[in-house]
Amino acid sequence: MKIAVVGSGYVGLVAAACLAELGHELICLDNDNAKLSALRRGEIPIHEEFLPELLAKHRGNRLVFSDSIADAVRLCDAIFIAVGTPPGEDGYADMSYVECVAREIGNAIHTYKVVIEKSTVPVNTCDCIRRTLTLNGVPTANFDVVSNPEFLREGSAVSDFLYPDRIVVGADTSRAATLLRNIYEPLTSGKYYEEEDAIPAPDTARIPPPLILTSTKSAELIKHASNAFLAMKISFINAVATICEQVGADIAQVCQGIGADSRIGSRFLRPGIGYGGSCFPKDLAAFRAVAHDCGYDFRLLDEVIRINEDQRARFLRKVRTALWTLKGKKLAVLGLAFKGGTDDIRESPAISVVNSLLKEGCEVVAYDPAASARAAEVLNSKITYAETAYEAASNADALLILTDWEEFTALDLKRLHSELKYPIIVDGRNLFDPGVMSEHGFLYFSVGRQDSVPQHDVAKARRVS
Ligand code: UGA
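Residues numbered from 1 in each chain as written. Predicted model: local features only at pLDDT ≥ 70, side-chain atom pairs only at ≥ 80, totals over all residues. Heavy atoms only, no water.

## Description of the pattern of salt bridges
So, point 1. Applying the stated criterion across every chain, the model contains 26 salt bridges.
So, point 2. As a salt-bridge pair, Asp127 and Arg130 come within 2.6 Å of each other at their nearest N and O atoms. You can see Asp127 and its partner Arg130 sitting in helix H6 (residues 125-135), three residues apart, about one turn around the helix.
So, point 3. With a shortest N-O distance of 3.7 Å, Asp297 and Arg299 are connected by a salt bridge. (Salt bridge = Lys/Arg side-chain N within 4 Å of Asp/Glu carboxyl O. Helix = DSSP H or I, 4+ residues; strand = E, 2+ residues; numbered from the N terminus.)

Below, the structure is given as structure tokens:
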């Protein structure tokens, strides 16, 4: 099928590459010509596993880049809208890009087309798009508007798209529903997964994925409610972690016990310095605003957001406890991205913690496997950027772990110990086992677990008692 994707940001670019991978012919659009030229040259604007492979495979044949919405609408049966919906005033998402694109699409429709909303948007957006198309003179027989929310995570976006837990299609006519079923047929029939060069399946893959058909409004709500629920899980476990610290319990054990209940599940129960990124903070604020407009005061969301903010302040208190005073201390920071596996620093808890440390008069040397360049755009030269974790740790008063990069778990602890001036680690992502850290001679602080002291100190303490 011939498909256009308007917007070549995170969702748009990944969707276009993956739909081409499923055998469709894609036109990926953007109004930023510099970005289009870079994409045509084979440059990849985001750090995302398997995206380079897919773009190299399909660019120039099944996937082309363009800035002409009019041409794309003329050539394609389906037009996905995947433009940004940045945070606007009072928590409302700014829908001006979606409206602008809908108007342009409306001006170009002359035969039946399906317009598919993929950006994260508040409920009723499909109705607004319908109205915009009608106001721009498109007869109602010439279009359907569908909601097809995306659930991909940064860092595993390609795998999430091709191996989704579910595909949600909000369509109010059977004609539009059939077209969407055809688009996703290679996944729902399982055919894609039999291909020899298919992107490898993640461990948790549900093959084939179910396609859930709903009304457009339900699909729109599914997206906001899913993100809000996941954020709620994180804030819930962070609150429980706080209690663990007070009573001497271990959050890892508690998570194991809770997560083993299949009604709860173990995913998204990792405690830490809270959630960040371009989605959860923005979507929770937008969902709360939508609820408010409907006359419902969604106080649960207020609390989820409050716990998340507290988590950063709690971490800073932990750093202070570990170091006594902060002014003039040299701190090594591991991780600046909002989570591991991405170079995205939007709403990153790590950046927020670094800014607070700078305000307290600390000197920060940071290492991030991918996000340093982006971090430098907002932090400028206020901190030093190291090339490796060991370089960051060199002669530092303590080491702070702020992002859950997998490569940090493989660090040589002996070497890390020898690089640091004092063997103090404050781990905001619980990447290490406190027992192991103690054996390696570290004073180790983490979230929801007891602080551990170097083993020789334990031995000394035992001898004294
Ligand atoms: C999130 C959702 O997971 C996706 O399903 C959704 O499509 C996407 O938002 C979106 O709306 O576009 P993403 O923001 O890429 O994806 O990242 P997540 O993996 O969900 O992590 C979000 C934040 O929560 C990160 O800061 C992460 O470190 C934190 N987190 C996650 C925890 O603190 N604990 C956990 O157990 C899981």
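Resuming the write-up.
## Structural notes on the site of the ligand
So, point 1. In the vicinity of the ligand lie 20 residues, with Phe151, Leu152, Glu154, Lys223 and Asn227 positioned nearest.
So, point 2. At a separation of 2.7 Å, an oxygen atom of the ligand approaches a polar backbone atom of Leu152.
So, point 3. Residue Leu269 places a main-chain N or O atom 3.4 Å away from an oxygen atom belonging to the ligand.
So, point 4. Listing elements by their share of the shell around the ligand, those giving two or more residues are helix H10 (216-247) and helix H12 (280-293).
So, point 5. Ranked by residues supplied to the shell around the ligand, first place goes to H10 with three residues.
So, point 6. Of the residues in the shell around the ligand, the class split is nine nonpolar, three polar and eight charged. (Near = heavy atom within 4 Å. Polar contact = N/O pair within 3.5 Å; in protein donor to acceptor, adjacent residues only side chain to side chain. Nonpolar A, V, L, I, M, F, W, Y, C, P; charged D, E, K, R; others polar.)

## Considerations on the confidence of the model for the chain
So, point 1. Per-residue confidence for the chain averages 95 on the pLDDT scale, and 98% of its residues sit at or above 70.
So, point 2. Confidence drops under pLDDT 50 across residues 458-465; counting only partners more than four residues distant or on other chains, this segment forms one contact. (pLDDT = per-residue confidence, 0-100. Contact = heavy atoms within 4.5 Å.)

## A word on the sheet that holds strand S11 (residues 384-385)
So, point 1. The six strands are arranged S11-S10-S9-S12-S13-S14 in an open sheet whose pairing can be described as parallel. Strand pairing shows two members of the sheet lacking a second neighbour, S11 and strand S14 (443-445), which therefore form its edges.
So, point 2. Where strand S9 (residues 330-334) and strand S10 (residues 363-367) come together, five bridges link them in parallel fashion. Directly across from Ala332, in S10, lies its bridge partner Val365.
So, point 3. Its contacts with the sheet place helix H14 (residues 349-359) against S9, S10 and strand S12 (398-401), and it is angled at close to 155° to S10. (Pairing = 2+ DSSP bridges. Axes fitted to C-alpha atoms, helices over the stretch in contact; angles between N-to-C directions.)

## A few points about the nonpolar core
So, point 1. If you look at the biggest cluster of nonpolar residues, it comprises 55 residues, and the most contacted ones within it are Val354, Leu357, Leu399, Leu400, Leu402 and Leu416.
So, point 2. Sort the elements by how many residues they give to this core and H14 lands first, with six residues.
So, point 3. Apart from the residues within four sequence positions on either side, Leu402 is in contact with Ile273, Phe315, Val333, Leu334, Gly335, Ala350, Val353, Val354 and Arg429.
So, point 4. Counting residues in each nonpolar core, the second largest holds 51 residues, with Phe50, Leu162, Ala176 and Leu180 among its members. (Core = buried A, V, L, I, M, F, W, Y, C linked by side-chain atoms within 4.5 Å. Buried < 20%, exposed > 50% of the residue type's maximum accessible area, 1.4 Å probe, protein only.)

## A short note on helix H1 (residues 10-21)
So, point 1. Look at H1: 17 Å from first C-alpha to last across 12 residues, which is about the 16 Å you get at 1.5 Å a residue.
So, point 2. All of the buried residues in H1 are Tyr10, Gly12, Leu13, Val14, Ala15, Ala16, Ala17, Cys18, Leu19, Ala20 and Glu21.
So, point 3. Of the residues trailing H1, Gly23 is marked for its positive phi of about 105°. (Expected span 1.5 Å × (residues − 1).)

## Looking at unusual backbone geometry
So, point 1. Put simply, Ile207 and Pro208 share a cis peptide bond, and its omega is -10°.
So, point 2. By the secondary structure assignment, Pro208 is in the loop between helix H9 (191-194) and strand S8 (211-214).
So, point 3. At Phe50, a residue that is not glycine, the phi angle is positive and equals roughly 75°.
So, point 4. Following the sequence through the fold, Phe50 ends up in the loop between helix H2 (33-40) and helix H3 (51-58).
So, point 5. For Trp324, which is not glycine, the phi dihedral falls at a positive 70°.

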